[in-house]
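Read off the chains here:
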Amino acid sequence: MHLRGRWWLILTFITPGLVLYSVFVLSSFAQGVQISFTNWTGYTPTLEYVGLDNYVRMAKDGAWWRAVSHNAVLLVIIPVVTLGLALGLATLITRGGSGTLRAVRGAGAYRVLFFFPQVVPVVIIGIMFSYVYASRGGLLDGLLRLVGTDVLSVVPNGPLGNPRTILLAIALAAVWSSVGFYMVLFLSAMSGVPQELYEAASLDGAGRLRSFAHVTLPLIWSHAQTALIYLAIGTMDSYALVAVMSMTGTAADSGADVMSTYLYRTAFSFNSQFGYASAMGTVMMLGSVALALVTFRLTKREELEY
Amino acid sequence: MSVENCPTPVPSSHSSSFHRPTRRGLLGLAGALGAAGLSACATSGAPGAGAAAGSSDGGGAETSPENPFGIAGGELKAFVFDGGGGVPHLDLTEKLLEEKHPDLAADIVRTEDLSTLQPQFVNGTPPDLFQNSGAGALDITSLVANSQLASLEDLMAAPSWDDPEITVEESLNPGVREAGTVDGTLVGLNTVQYAWALWHDAALLEEKGWEAPTTWDELMSLSAEIKDEGIFPFAFTGQHANYPEEGLLQPLVAKIGGQEVWKSIDNLEEGAWQQDAVREAAEALLQLRTDELILPGVAQMTHIQSQTAWLNHEAMFIPVGAWLENEMKSAIPEGFRMTAAALPSPDPALADLTPNNPGSGWYVPEGAANAPAALEFLRAMLSKESARNYAELSNSVTMVAGAHEDQQLSEAFTTVTEMIERSNAVEPWQVVKYPTWYPAMAEETRAALISLLLDDLDVDGFLSRCQKAADRTAADDAIAKQTR
Amino acid sequence: MTPSPATSSTTHAPSRSEGASSRPPGSAPDGRAPDGSASAPASASPSADGPRRPRRRRPRGSGLPHLMLVPWALVVLVPLVWILASSLKTNEEIYNDPFGLPGELRLGVYVDAWRQANIGAFFTNTVIVVSGGVVLTMLLSVMTAYVMARYPFPGSRALYWLYLVGMTFPVFLAIVPLVRIVQALGLFASNLGLVLVYAAFSLPFSIFFLTGFFRTLPKELAEAAFLDGAGHFGVFFRIMLPLARPGLISIGVFNVLGQWNQFLLPQVLNPQQDEERSNFVLSQGLAALALGENYETSPTSMAQLFAGLIISLLPVLIVYVLFQRQVQEGLSAGALK
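Residues numbered from 1 in each chain as written. Chains lettered and ligands numbered in written order. Predicted model: local features only at pLDDT ≥ 70, side-chain atom pairs only at ≥ 80, totals over all residues. Heavy atoms only, no water.

Peer 1: Now, about the overall build of chain A: what can you tell me, with residues and values included?
Peer 2: Scanning chain A for helices and strands turns up 15 helices and 1 strand. Taken along the three principal axes of its C-alpha coordinates, chain A extends 80 × 70 × 30 Å. A total of 306 residues make up chain A; the buried ones form 67% of that total. Considering only contacts in chain A between residues 6 or more positions apart, those separated by 24 or more positions represent 66%. A distance of 5 Å separates the average location of the 18 positive side-chain charges in chain A from that of its 14 negative side-chain charges. (Helix = DSSP H or I, 4+ residues; strand = E, 2+ residues; numbered from the N terminus. Buried < 20%, exposed > 50% of the residue type's maximum accessible area, 1.4 Å probe, protein only. Contact = heavy atoms within 4.5 Å. Lys, Arg positive; Asp, Glu negative; His and termini not counted. Charge placed at Lys NZ, Arg CZ, Asp CG, Glu CD.)

Spelled out as structure tokens, the structure:
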């Protein structure tokens, strides 16, 4: 129908965005990959190609693999805890009122409040949590003192000074900052679930937990899936929080060094090895894409219509 | 654009021993990232980026003792690191320059982030002069490797500002040449003395009736007494591992086995880290942990936080550089008498020796448009008047010989100058270079040191970690090697 | 958010109730709270079409959810309060007693932050850049998403994935070449440069979201309009765009949030040009303050940072509070098939 005007619309609508995207995004990533095949150190206009040397080097680089393992740990902790909390909170808000069907009182206030961490710049969150974990006058220390202990007794050298705990400490800060966003997402998704289904379920004798598992979850599955992928990629690439809270990955015997902080130091602290750093970036890029695909595959479910 | 996890860079570690430690990495990223791209890329075409480079050549006039570089007007474009305090001392230097060369227009740009200069190098339009500090500092080794820095021999050979009878080099304290030499060429002028000291509060010592220790044994027995009084003997920043390394390990090893030990380590000699001197030093430092002499919680403390704790008398001794007073100015309690002293050593002969790294490096790019003006600026800066002015404004000591002889600034300042004098009287300190040459290796050795001091690494573990790092560096062909 | 196309197969859930028809997305779920609880609008799950069941269940542990919600509310609030309190303290107080109360209410620090610390300039720059960035993003993504959703052509799938995959790339990889590109275009250290780059990097997510959204809009309206003689552009501007309002607002809010706090891109593309850093955006300026505190430039230098932080938080928070209902609706409307 109306094939005439069709192509005109398509062309005018697609082209500007595509041009902008190609010029700034696609070409810069492409060049980034290009640099990964060189030994460029950032001060000269020319560069020398070295083939796959950088990649071979990375394969043998113990510090790189350590960083990868740290990312893997974060990849397990952060999505699970964040989405778990987000789902839980969203459910409580949506259906935590009296009975199992109503929204909890003050839901609107909760929704606004819980989203708040999202508007705080990540750098500030990092600084803030550094003070939370501090051994002198820190919030955690203050709380522990109320129950008769203190943070250094519970965690020798403090959460951010102890190589065994620093990654977890940072993960908690990441969770704190992200839960609100995903909670809002789930709230919206849940608001689309019709009331009758819950009523029917409770008629059948299902309690909150059962109706969550069998009504809510399946119907918002695609949102959960998207959220998971988004969060997983974000965790892979996350830089700011880790960098602030661990001196760009070096604190606590590099206990929290991740790929992005190691990349940063490679490019800017270790004699400007931009070529090597770009190789790391390229590998991270491939990893992100692979991660997205794998996550997608693993969590694929039949979409339910209601 | 992703709503969350917008990647934001963050403070880098204080990794260079020359630079006044800062928490600037955040900004360092930007500038450093401001590096331009590839000429291989299709869009290359170099419109000039950032600030315009230096201007017309101002040389060509007759040289004379008053005008050794033959300047005849023109412009000078310089970039200086400004950590937030302004750089007021340069006003005087500019004035001196102006008086001597009224037709020379100097434009000194103060910036927090030197890495913004990187594109200028790539485009071939660098400034005439820059002062390389802060976390955005440029990588000098790379610049030298690419022949982008000019030699400063002419400056060294020129007549000094105050006394035309002696050369600039002669007017300076020893160590400047070594500090500024990279790969055999003298490219950097390091004007400020960043000496490391073990600081304490003289008032607190007196109050408790204690004597400042001069030998290691005295230090240890005093520490036991201090501990009994409920104060921890030691504090330092566990987040910036270069502090305990430069402030404790370096001097201790040098005092036990001589400075040659560090030389062999710098030169990546086989088994250098396993030498007896290093082992003994490690054992001595381990005792700090096993005797519980270190303030708990330092592992998480930044330099400011550990220094604050020290100012509150939670700890007695803290290893920091000569900048301590300036850095903590607004937080020093009444009656606190900051005193700098060299780290006590087992061998009393070397007791006064302390690391004394000339820092705050100035460099002249090879492509500078007005190099003579740059050299003249530096010459003016090395005048006694400039040096004294600098000391007054920043409580820091310069490398200009005799400039601070009778300067009465603060008590702390005096203790620093005296400490430096005594150290120079023992022998000149040779800067330990491996952290600059092999930053990845230094990251590992420093992490191992922190582990030794605060976690559960033992001496053998420490030595083997350091040695492994050195061996890896030596075996890696991708890393350019240097020696001294 | 609807999933990307061709990835979900739909089956019908064994549904006990009929009549759960999809509502036209333009109508807002009314937010009528069943049983008239006094919460804010749009707080309850929308009642479905069909008669409301008047049956009352016995209240089952209605305090319990609050027991779990309140702690999290505290977890969220305490840091906010901390920032606020810190903005009124001296440096010494912050070091020594980070979680105590300030000695006195030094409100002048907010004025200082605006003027001395130059936050006023940062604020202005940020407003300019974000307005431009969001407008451009919305414009381009709406146009692209509309075509993706409604006018598939050979290669449109590939193009869609091309955009999507941009979301997975670590920005670090692109940073250095990006600087070069921006310089080559003469846009370095300029607000316009930032606007263009922000928009370019925001396209993937916005297109992803809006494409899904446009897919949910009913075809019938468009078909009717065509029958009435409207052209493609006409249908877009007069029918589809207005219908897409909730989605547009949602994605608009998300873009404002993301671009307001964007740090890496301006740091790289907008470095300091003069002493006062007058070209900085808020995130850069605040970071500079955060790192400048080491130099003890004044006894309240850290407080200025926190005051600047509060100043920076407020607009975004206000935007979110004002629009959170629409954001919710936009997201949920997109959720319906």
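Peer 1: Account for the confidence of the model for chain B, naming residues and giving values.
Peer 2: The predicted coordinates should not be examined in detail at positions where pLDDT is low. Residue and element names in this part refer to chain B. In the predicted model, chain B carries a mean pLDDT of 82, and the fraction of residues at 70 or more is 86%. Every residue in residues 1-58 is under pLDDT 50, and counting partners more than four places away or in other chains gives 244 contacts. The ipTM for the predicted assembly is 0.86, set against a pTM of 0.81. (pLDDT = per-residue confidence, 0-100.)

Peer 1: Break down the packing of aromatic side chains for me, citing the residues and quoting the values.
Peer 2: For the coordinates displayed, the defined rule picks out 39 aromatic pairs over all chains. Here Trp40(A) and Phe274(A) contribute two aromatic rings whose centre-to-centre distance is 5.4 Å and whose plane-to-plane angle is 40°, an arrangement assigned as tilted. Residue Trp40(A) is found in the loop between helix 1 (3-35) and helix 2 (53-59), and its partner Phe274(A) is found in helix 15 (residues 274-298); the two are separated by 234 residues along the sequence. Each member of the pair, Trp40(A) as well as Phe274(A), carries the same accessibility label: buried. Both rings, one in Trp64(A) and one in Tyr262(A), keep their centres 6.5 Å apart while their planes meet at 40°; by these two values the pair is tilted. Placement of the pair is Trp64(A) in helix 3 (residues 62-95) and Tyr262(A) in helix 14 (residues 259-268), with a sequence separation of 198 residues. Of the aromatic side chains, those joined through ring pairs into one cluster are Phe13(A), Tyr146(C), Tyr151(C), Phe214(C), Phe233(C), Phe236(C) and Phe237(C). When the ring centre of Trp161(B) is taken as reference, the NZ or CZ atom of Lys100(B) above it lies at 4.1 Å. Against the face of Tyr160(C) rests Arg215(C), its NZ or CZ located 6.0 Å from the ring centre. (Phe/Tyr/Trp six-rings, centres within 6.5 Å; stacked < 30°, edge-to-face > 60°. Lys NZ or Arg CZ within 6 Å of the ring centre and 35° of its normal.)

Peer 1: Could you give me a rundown of unusual backbone geometry, with the residues and numbers involved?
Peer 2: The backbone of Met247(A) sits at a positive phi, close to 50°, despite the residue not being glycine. Relative to the elements of secondary structure, Met247(A) occurs in the loop between helix 12 (240-245) and helix 13 (251-254).

Peer 1: Give a detailed account of a nonpolar patch on the surface, specifying residues and quantitative values.
Peer 2: Residue and element names in this part refer to chain C. Taken together, the side chains of Leu314, Ile318, Leu322 and Phe323 present a nonpolar region at the surface, about 380 Å² in accessible area. Note on placement: Phe323 falls in helix 13 (residues 301-335). Judged by its relative accessible area of 31%, Phe323 falls in the partly exposed class. (Patch = residues over 30% accessible without salt bridge, like charges linked within 9 Å, V, L, I, M, F, W, Y side chains within 5 Å. Areas by Shrake-Rupley, 256 points an atom, 1.4 Å probe, with all protein chains shown as cover. Salt bridge = Lys/Arg side-chain N within 4 Å of Asp/Glu carboxyl O.)

Peer 1: Which residues make up helix 3 of chain A, and what values go with them?
Peer 2: The end-to-end C-alpha separation of helix 3 of chain A is 49 Å, in line with the 50 Å expected for 34 residues at 1.5 Å each. Two or three places before Ala63(A), at the start of helix 3 of chain A, stands the capping residue Asp61(A), its side-chain oxygen 3.1 Å from that residue's backbone nitrogen. (Expected span 1.5 Å × (residues − 1). Polar contact = N/O pair within 3.5 Å; in protein donor to acceptor, adjacent residues only side chain to side chain.)

Peer 1: Explain helix 18 (residues 439-454) of chain B to me, using residue names and the numbers behind them.
Peer 2: Three- or four-residue spacings in an α-helix give side chains the same orientation, since the helix completes a turn every 3.6 residues. The end-to-end C-alpha distance of helix 18 of chain B is 22 Å, a good match for the 22 Å that 16 residues give at a rise of 1.5 Å each. When you tally the buried positions in helix 18 of chain B, you get 14 out of 16 residues, the bulk of the element.

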